[in-house]
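So you can see what is in the structure, the chains are spelled out below.
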Amino acid sequence: MINKTKVLFASAEVAPFAKVGGLGDVSGALPIALNGLESESFDLRIFMPFHARVREYNPPHHLIGSFNFKLTNDTNLQCELYLSQIANTKVYLLDDEYINHNSPVYHGDWRLDGLKYVSFSLLVLEAAKYLDWQPDILHANDWHTALAINALEQHYKKDPFFKNTKTVLSIHNLPFNGWGSQEAMSMLGFYPTTDPDLPDWAKFTPLPMGISATDLVITVSPGYAKEITTPHFGCGIEHYLQKHEYKLMGILNGIDVDSFNPETDASLPYQFSTDRLYERVRNKLELQSQLGLDVGHQHPLITMVSRLTHQKGLDLLLDGLEKIVDQPWQFVLLGTGETEIENRVSHFAKRYPNKIIPILKYDEKFARMLYASGDMFTMPSLYEPCGLSQMIAMRYGNIPVASATGGLRDSIIDYQQQPNEATGFLFTDISADGFASTLSKALELFEDKVIWTQIQRNAMQQDFSWHHSAITYANAYKNLLNR
Ligand code: GLC
């Protein structure tokens, strides 16, 4: 029997059990793709908190056991370990008094989130020991699980069980670094790292601590790996990242191309493909009539599906739209998020009824309808480690107009740079003006049906499947183990 490479994959969110954003999508897809690689032999298992969300979703699961874990400060943590499954992949659900199954995935209260994820980071290692399952690789994601990597150094250095465990830390979003967990870290026996290359504040902050302790850092796009070494995107640890660039790499995320397939998507009134784009138009007409917009293919339909957070550039978007408000476009936005942004969107829409339609909710089915109906898909992000919706949009022939940053730049071929291969439009001047002028160009081009159809076909033919990324991850794991 071949020895499989054992990978402990720890994440705060895993779709479909509990998803808040892109981290959940990735954690629910990459492991399955890696375990499914025919050319490789991985035994990758997911470890996640047993959130209230997971209990509600209630996947088949059973209790494997419970154990008591003595912390360095002499208190005990009582942990329960359950086993579930997503496709070909085992999922361990961990619970303790801090993970507490009544809590949301993220409290928003830094102290409580700190306790939840700092204890979870310790528990994943204890659970591996309890299972007597020695990981070759510990793969943590974002600040929530980064401290599992530090724990190897701070708590398990002398433990032969983890002697050969190599570590990987994926960064999905650098600004969320776990600041505020300090009290939890002290309580649960962590101490600051002594790494002289980190600024003082970062020595006792989960994500930078994990970055300092890990063997390999993977960002979710190659572009973001470069960007975070600059002051604008580096969140105060750019010098550290510059100096340690040798352990930094980027791998573009994928999307689920079977689920997001316009030829088979059952939630669409009209399915379509590159050679049946006239069917696509019927979705648009239906949507326009549903929403009370002027019906007609000649009216360009601009769409957006997004969490409404600062990162997503909503201010820039609204200011930009206002600059070209006299042009004959329609705009539909779907998403929820920060109350302040939701209010600003609603307020703005009231000024332009029949032109701007905000739908402030989370609605997977309607999102698919927007992907399949829109002519243009806007993503004016201030920064974007990867971004998944631009890839979904392209697969549905909805042409992205996006900031030239991170994963957007890595996944969209810009019309202005490469007109023949173009799959969308990128703007480098990430401001309301930059956005408005690029959107105007796209609107102008929309009038030219030949060119527009070519862009749509190019976009729909891109391969954004996970298979690609999984192979790159597999090679990264192998290089690490052979070091
Ligand atoms: C975060 C990033 C997003 C990325 C996702 C999955 O949500 O903001 O850009 O696509 O993680 O990696």
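Note that the structure is a prediction, hence the values are computed from the model and not measured.

**Some words on the pattern of salt bridges**
Pairing between side chains becomes possible if they bear opposite charge and their charged atoms approach one another.
Part 1 of the argument: Here the structure, examined in full by the defined rule, presents 18 salt bridges.
Part 2 of the argument: Of the charged contacts in the structure, one is a salt bridge between D200 and K203, with a shortest N-O distance of 3.0 Å.
Part 3 of the argument: Residue classification places D200 among the exposed residues on the basis of a relative accessible area of 63%.
Part 4 of the argument: When salt bridges that share partners are traced, they join D265, E364 and R368 into one network.

**Examining the site of the ligand**
Part 1 of the argument: Close to the ligand lie 14 residues; H172, N253, E384, C386 and G387 are nearest.
Part 2 of the argument: The side chain of N173 places a nitrogen or oxygen atom 3.3 Å from an oxygen atom of the ligand.
Part 3 of the argument: Between the ligand and Q311, the relevant distance is 3.0 Å, taken from an oxygen atom to a side-chain nitrogen or oxygen of the residue.
Part 4 of the argument: In terms of residue class, the shell around the ligand is made up of 6 nonpolar, 6 polar and 2 charged.

**Quick look at unusual backbone geometry**
Part 1 of the argument: Geometrically, the link from A15 to P16 is a cis peptide bond, its omega value of 5 degrees lying close to zero.
Part 2 of the argument: With phi around 60 degrees, D142 is a residue other than glycine that occupies positive phi space.
Part 3 of the argument: With respect to the helices and strands, the residue D142 is situated in helix α5 (residues 142-154).
Part 4 of the argument: Within the chain, N354 stands out as a residue other than glycine whose phi angle is a positive 65 degrees.

**Examining the environment of D109**
Part 1 of the argument: Take D109: it is sitting in the loop between β5 (89-95) and α4 (110-130).
Part 2 of the argument: For the pair D109 and G180, spaced 71 residues apart in sequence, the C-alpha to C-alpha distance is 8.8 Å.

**Examining the domain arrangement of the protein**
Part 1 of the argument: If you check the domain split of the protein, you get domain 1 (5-254 + 467-481) and domain 2 (277-463).
Part 2 of the argument: In this structure, domain 1 and domain 2 have C-alpha centres spaced 33 Å apart.
Part 3 of the argument: Linking domain 1 to domain 2 there are 0 salt bridges.
Part 4 of the argument: Taken together, domain 1 and domain 2 are joined by 7 residue pairs in polar contact (both at pLDDT 80 or more).
Part 5 of the argument: Elements with a minimum of two residues in the side of domain 1 that touches domain 2: α1 (22-27) and α8 (222-227).
Part 6 of the argument: Residue classes in the side of domain 1 that touches domain 2 are distributed as 8 nonpolar, 9 polar and 3 charged.

**A look at the sheet that holds strand β10 (residues 301-305)**
The strands making up a sheet associate through backbone hydrogen bonding, with each pair oriented either parallel or antiparallel.
Part 1 of the argument: In spatial order, the strands read β12-β11-β10-β13-β14-β15; together these 6 strands make up an open sheet with parallel pairing. At either end of the open sheet lies a strand with only one pairing partner, and these are β12 (356-359) and β15 (425-427). Neighbouring strand axes in the sheet, compared pairwise and without regard to direction, differ in orientation by 20 degrees on average.
Part 2 of the argument: Here 4 bridges tie strand β13 (residues 376-379) to strand β14 (residues 399-403), and the two strands are oriented parallel to one another. Paired with T378 across the strands is V401, a residue of β14.
Part 3 of the argument: Across the sheet, helix α17 (residues 449-460) is in contact with β13, β14 and β15; its angle to β14 comes to roughly 80 degrees.

**Some remarks on the packing of aromatic side chains**
Part 1 of the argument: In the structure shown here, the tally under the stated rule is 19 aromatic pairs.
Part 2 of the argument: Ring geometry for F47 against W133: centres 6.1 Å apart, planes inclined by 25 degrees, an arrangement best described as stacked. With F47 in strand β2 (residues 42-49) and W133 in the loop between α4 and β6 (137-141), this pair connects stretches of sequence that are 86 residues apart.
Part 3 of the argument: On the basis of relative accessibility, which here comes to 6%, the residue W133 falls in the buried class.
Part 4 of the argument: With a centroid separation of 5.0 Å and 85 degrees between ring planes, the pair formed by F161 and F162 is classed as edge-to-face. An identical accessibility class is assigned to F161 and F162; each is buried.
Part 5 of the argument: Members of the aromatic cluster, each reached through a chain of ring pairs, are Y106, W110, Y117 and W143.

**Quick notes on the pairing of strand β4 (residues 76-86)**
Part 1 of the argument: Of the pairings in the sheet, the one linking strand β3 (residues 62-70) to β4 comprises 8 bridges and is antiparallel in character. Counterpart to K70 in the pairing with β4 is N76.
Part 2 of the argument: Turn length for the β3-β4 hairpin, with the two strands adjacent in sequence and antiparallel, is 5 residues, and the turn residue D74 shows positive phi of about 75 degrees.
Part 3 of the argument: Inspection of the sheet shows β4 paired to β5 by 7 bridges, in the antiparallel sense. Bridge pairing in β5 places E80 opposite D95.
Part 4 of the argument: Between β4 and the antiparallel strand that follows it, β5, lie 2 residues; A87 among them carries a positive phi value of about 50 degrees.

**So, the packing of α5 against helix α7 (residues 206-213)**
Part 1 of the argument: Where α5 meets α7, the closest approach of the two axes is 7 Å, and the angle between their N-to-C directions is 50 degrees. Classified by the angle their axes make, α5 and α7 are oblique. As α5 packs across α7, the resulting crossing turns out to be left-handed. Note on element contacts: α7 touches α5 through P206, L207, M209, G210 and A213, opposite D142, W143, A146, L147, I149, N150, E153 and Q154.

**So, the environment of G24**
Part 1 of the argument: By the element assignment, G24 lies in helix α1.
Part 2 of the argument: Residue classification places G24 among the buried residues on the basis of a relative accessible area of 0%.
Part 3 of the argument: For the pair G24 and L316, spaced 292 residues apart in sequence, the C-alpha separation works out to 27 Å.
Part 4 of the argument: Ignoring anything within four residues of it in the chain, the contact list for G24 reads E13, V14, A15 and K19.

**A closer look at helix α13 (residues 364-373)**
Part 1 of the argument: A large share of α13 lies buried, amounting to 8 of its 10 residues.
Part 2 of the argument: Looking only at α13, the buried set comprises F366, A367, R368, M369, L370, Y371, A372 and S373.
Part 3 of the argument: Residues of α13 that are buried sit in contact with α10 (277-290), β10, β11 (330-334), β12, β13 and α14 (389-395).
Part 4 of the argument: Residue D363 occupies the N-cap position of α13, its side-chain oxygen lying 3.2 Å from the main-chain nitrogen of K365.

Calculation criteria
Residues numbered from 1 in each chain as written. Predicted model: local features only at pLDDT ≥ 70, side-chain atom pairs only at ≥ 80, totals over all residues. Heavy atoms only, no water. Salt bridge = Lys/Arg side-chain N within 4 Å of Asp/Glu carboxyl O. Buried < 20%, exposed > 50% of the residue type's maximum accessible area, 1.4 Å probe, protein only. Near = heavy atom within 4 Å. Polar contact = N/O pair within 3.5 Å; in protein donor to acceptor, adjacent residues only side chain to side chain. Nonpolar A, V, L, I, M, F, W, Y, C, P; charged D, E, K, R; others polar. Helix = DSSP H or I, 4+ residues; strand = E, 2+ residues; numbered from the N terminus. Domains from an automatic or database assignment. Pairing = 2+ DSSP bridges. Axes fitted to C-alpha atoms, helices over the stretch in contact; angles between N-to-C directions. Contact = heavy atoms within 4.5 Å. Phe/Tyr/Trp six-rings, centres within 6.5 Å; stacked < 30°, edge-to-face > 60°. Parallel < 35°, antiparallel > 145°, perpendicular 65-115°, else oblique. Left-handed = near helix turned anticlockwise from the far one by under 90°.

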